[in-house]
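Structure at a glance
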Amino acid sequence: MPDYGHDLRFGVFLSPSTDQVSALLALADAADRRGLDLISVQDHPYHPGFLDAWTLLSTIAARTNRATVFPNVANLPLRDPAVLARSAASLDILSGGRVELGLGAGAMWDAIAAMGGPRRKPGQAVEALTEAIAVIRALWTPGRGVRLEGGHYRLAGAKPGPFPVHPMQIWLGAYKPRMLRLTGRAADGWLPSQPYAAPDTLAAMNDIIDDAAETAGRSPGAVRRLYNITGSFTGTGAEFLQGPPSVWVEQLAELAVTDGISGFILAIESGGTADVERFAHEVAPAVRDLVDRERAGSPPAGTPPAGTPPAGTPPTSTRPTGTESTSPEATEVGPAASGPTGSTPAEYAGATGLGVVPTPPPARRLVGTSPWDEATRPHGPGADADTSYTPAGRAQGQHLIDIHDHLRHELDQVRDVVEQVADGTTDPGAARSLINAMTMRQNNWTLGAYCQSYCRILTLHHSLEDQAMFPGLRQADTRLAPVIDRLAEEHEVIARILNDVDAALVGMVERPGAIGEVQRAVDVLTDALLSHLSYEERELVEPLARLSTGFTGM
């Protein structure tokens with residue numbers, strides 16, 4: 001299995017027992033003070049001896065300063081996804097961008113039913129989780145009222161918001177093939193536990209996730225792999241995580257470089273402060289050092305040669321470039337204004353030494369007008385001559401391109417379904433439903449969507465503006481501020497264009513002959529989105545690789 005190149009994170013998994021509250025909070029405090037990255041708690045709302053997970057996470061977030069907090073994992077059957085989306089976003093705002101969302105399809109069905117929750121069969125549980133992810137992402141995405149119809153959940157015009165102040169990730173606790181395929185298609189992370197997924201089973205599970213990601217047009221690296229672990233610092237080392245810290249270091253580093261695990265979350269019982277100390281001071285830094293040395297020896301396994309499209313990317317010839325249009329407004333355009341490094345993507349890659357090639361803008365535009373003046377786009381400072389990049393940094397830059405390739409693939413689908421409407425082989429309602437379900441409309445893990453959230457925070461002079469991931473990039477190199485501001489403006493324009501496409505489809509229901517208006521709206525979207533994605537890659541691939549902000553979830 002490949003090393004996906006993600007930064008390594010270490011954390012703790014706490015049991016929220018009501019009779020150990022002081023010890024529980026002391027463990028959370030210790031984890032944060034010792035520099036661990038993650039603090040998670042179990043979520044069993046039906047358990048009378050456990051604290052409510054969201055109340056506890058809010059308390060932990062208020063007591064800590066740096067660690068990310070999350071439910072490990074939220075019990076979906078007893079937590080309505082619309083309310084859960086607003087709860088998680090609210091805590092993200094209050095904590096300064098320190099929340100991720102772990103989700104589970106449910107278990108302990110007798111206890112769930114006793115609380116008035118549904119009793120679902122395995123297939124129904126996966127269906128419900130799939131719908132819940134769509135609900136949550138829709139409410140995290142700026143836009144108009146959301147309408148989603150599902151067999152388990154629905155939104156009937158719910159207004160999105162509040163919005164996370166960083167690109168909040170959804171991590172799924174998954175073990176069976178259907179859940180693993182859902183993880184590959186729709187999640188930002190996989191979060192299994194060692195007692196249910198032994199180390200020697202991870203490779204086969206990873207294969208299922210990777211295949212599903214590629215089938216969905218995603219890079220397998222878009223899914224972070226985290227692992228809830230248990231162990232003891234006593235023992236001979238013959239068994240997994242049963243021995244001194246040196247044994248832990250070797251075994252965890254092997255999982256990182258062979259199975260792509262980039263998050264290790266240690267289950268800690270009350271009174272385990274000493275274990276937190278050893279894990280944070282003797283294990284985590286040594287694992288990072290060993291993995292860094294392994295990565296420095298060769299690029300991450302599975303890394304394609306420079307310029308090679310990532311796994312799951314549609315062939316370049318299928319990406320919408322505008323050349324297929326017969327619109328009389330279609331125009332040839334000259335080279336895009338050159339940025340600070342090189343005048344072409346290849347020259348850019350060579351000049352930076354990245355070996356990661358941004359996607360060029362289309363050479364042909366479909367309409368004669370543009371929603372913005374590309375000549376006024378600011379450029380970042382570029383790399384210094386002596387800048388070097390780690391494999392993890394390169395992977396971070398490539399990850400942005402991988403996500404954009406998925407969006408370009410979705411744009412292909414938009415154009416294809418509009419052509420089907422024009423040919424009479426599908427109807428406007430089906431087209432509208434497809435477009436509204438697409439990542440470009442619903443997700444909150446692209447830089448563009450985050451730019452919009454950041455712009456809103458900046459406008460309100462929010463006190464947390466410099467504490468979330470993307471502002472961290474801005475803060476790490478203040479010369480990028482004009483670029484970030486421009487990206488935020490362009491994303492708002494694209495959101496309005498998507499609404500224009502939607503309005504044209506609605507209008508065609510009343511006037512079936514108005515397909516030309518839909519086609520023009522999609523041409524405008526094509527020109528704007530491809531231009532925007534190319535500009536974003538040109539300006540941000542290099543600083544993402546250079547500054548190592550940890551921005552990998554997008």
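Structure's up top.
All values reported here derive from a predicted model rather than from experimental measurement. (Residues numbered from 1 in each chain as written. Predicted model: local features only at pLDDT ≥ 70, side-chain atom pairs only at ≥ 80, totals over all residues. Heavy atoms only, no water.)

**A look at the overall build of the protein**
- Secondary structure summary: the protein contains 17 helices and 13 strands in total.
- Total accessible area on the protein stands at roughly 21,900 Å², and carbon and sulfur atoms take up 53% of it. (Helix = DSSP H or I, 4+ residues; strand = E, 2+ residues; numbered from the N terminus. Areas by Shrake-Rupley, 256 points an atom, 1.4 Å probe, with all protein chains shown as cover.)

**What to know about the nonpolar core**
- Core analysis: the biggest nonpolar cluster contains 87 residues, and L103 and F279 have the highest contact counts within it.
- A total of 10 residues in this core trace back to one element, the largest contributor, which is helix 5 (residues 122-139).
- Aside from chain neighbours lying at most four places away, what touches F279 is F10, G11, L36, I229, F233, W248, L252, F264, L266 and A284.
- Within the second largest apolar cluster, 26 residues are counted, among which are V417, V501, A514 and L533. (Core = buried A, V, L, I, M, F, W, Y, C linked by side-chain atoms within 4.5 Å. Buried < 20%, exposed > 50% of the residue type's maximum accessible area, 1.4 Å probe, protein only. Contact = heavy atoms within 4.5 Å.)

**Examining the packing of aromatic side chains**
- For the coordinates displayed, the defined rule picks out 6 aromatic pairs.
- Ring centres of W248 and F279 lie 6.2 Å apart, and the angle between their planes is 65°; on these two criteria the pair is classed as edge-to-face. With a gap of 31 residues between them, W248 in helix 8 (residues 245-259) and F279 in helix 9 (residues 273-297) connect regions that are remote in the sequence.
- Members of the aromatic cluster, each reached through a chain of ring pairs, are F10, F233, W248, F264 and F279.
- Above the plane of the ring of F233 lies R278, whose end atom (NZ or CZ) is 5.1 Å from the centre. (Phe/Tyr/Trp six-rings, centres within 6.5 Å; stacked < 30°, edge-to-face > 60°. Lys NZ or Arg CZ within 6 Å of the ring centre and 35° of its normal.)

**Some thoughts on unusual backbone geometry**
- A cis amide bond links N72 to the next residue, V73, at an omega of 0°.
- Among the structural elements, V73 can be located in the loop between strand 3 (68-71) and strand 4 (74-75).
- Note the cis peptide between G161 and P162, where omega equals -5°.
- Locating P162 in the fold gives a position in the loop between strand 7 (154-158) and strand 8 (170-172).
- The backbone of M108 shows a phi angle near 50°, a positive value even though the residue is not glycine.
- Tracing the backbone shows M108 in the loop between strand 5 (101-104) and helix 4 (109-114).
- Using a relative accessible area of 54% as the deciding quantity, one classes M108 as exposed.
- Of note, the phi angle at L241 is positive, near 55°, even though the residue is not glycine.
- By the secondary structure assignment, L241 is in the loop between strand 10 (224-229) and helix 8.

**Some details on the environment of A481**
- Along the chain, A481 falls in helix 16 (residues 481-510).
- Judged by its relative accessible area of 15%, A481 falls in the buried class.
- Measuring from C-alpha to C-alpha, the distance between A481 and H379 comes to 9.8 Å, with 102 residues separating the pair along the chain.

**Some thoughts on the sheet that holds strand 3**
- Taken in spatial order, the 9 strands make up an open sheet running 3-2-1-11-10-9-8-5-4, and their pairing is parallel. Each having just a single partner strand, strand 3 and strand 4 make up the two edges of the open sheet.
- Pairing geometry for strand 9 (residues 189-190) and strand 10, over 2 bridges, is parallel. Bridging across to strand 10, G189 finds its partner in R224.
- Strands in contact with helix 9 are strand 1 (9-14), strand 10 and strand 11 (261-268); relative to strand 1, the strand with the most contacts, it is inclined by about 155°. (Pairing = 2+ DSSP bridges. Axes fitted to C-alpha atoms, helices over the stretch in contact; angles between N-to-C directions.)

**Overview of the pattern of salt bridges**
- Overall, the coordinates contain 24 salt bridges when judged by the stated rule.
- Notably, a salt bridge pairs R295 with D3, separated by 2.7 Å at the nearest N-O pair. Remark: D3 occurs in the segment before strand 1 and R295 occurs in helix 9; sequence separation between them is 292 residues.
- Given a relative accessible area of 6%, R295 falls into the buried group.
- Accessibility expressed as a relative area gives 6% for D3, which makes it buried. (Salt bridge = Lys/Arg side-chain N within 4 Å of Asp/Glu carboxyl O.)

**Overview of helix 6 (residues 177-186)**
- All buried positions along helix 6 are accounted for by M179, L180, L182, T183 and G184.
- The inward-facing, buried residues of helix 6 abut helix 5, strand 8, strand 9 and helix 7 (202-215).

**Notes on the packing of helix 6 against helix 7**
- Put simply, helix 6 and helix 7 touch, their axes get as near as 7 Å, and they point 45° apart. Relative to helix 7, the element helix 6 lies oblique. For the pair helix 6 and helix 7, the crossing hand works out as right-handed. Where helix 6 approaches helix 7, its residues P177, L180, R181, T183, G184 and R185 are matched on the opposing element by M205, I208, I209, A212 and A213.
- In terms of residue class, the contact of helix 6 with helix 7 is built from 7 nonpolar, 2 polar and 2 charged. (Parallel < 35°, antiparallel > 145°, perpendicular 65-115°, else oblique. Left-handed = near helix turned anticlockwise from the far one by under 90°. Nonpolar A, V, L, I, M, F, W, Y, C, P; charged D, E, K, R; others polar.)

**Remarks on the environment of G260**
- Tracing the sequence through the fold places G260 in the loop between helix 8 and strand 11.
- A relative accessible area of 4% means that G260 is categorised as buried.
- As for G260 and N206, which are separated by 54 residues in sequence, their C-alpha atoms are 8.6 Å apart.
- Not counting residues up to four positions away in its chain, the partners in contact with G260 are P2, D3, Y4, R225 and L255.

**Some points on the side chain of D3**
- Within polar-contact distance, the side chain of D3 engages the backbone nitrogen of G5 at 2.9 Å.
- There is a polar contact of 2.7 Å between the side chain of D3 and the side chain of R295. (Polar contact = N/O pair within 3.5 Å; in protein donor to acceptor, adjacent residues only side chain to side chain.)

**Things to note about helix 17 (residues 515-547)**
- Helix length check: helix 17, at 33 residues, gives a terminal C-alpha distance of 46 Å against a target of 48 Å (1.5 Å per residue), a fit within 8%.
- Helix 17 sits mainly inside the fold: 26 of its 33 residues count as buried. (Expected span 1.5 Å × (residues − 1).)

Shape is all these values report; function is a separate question.
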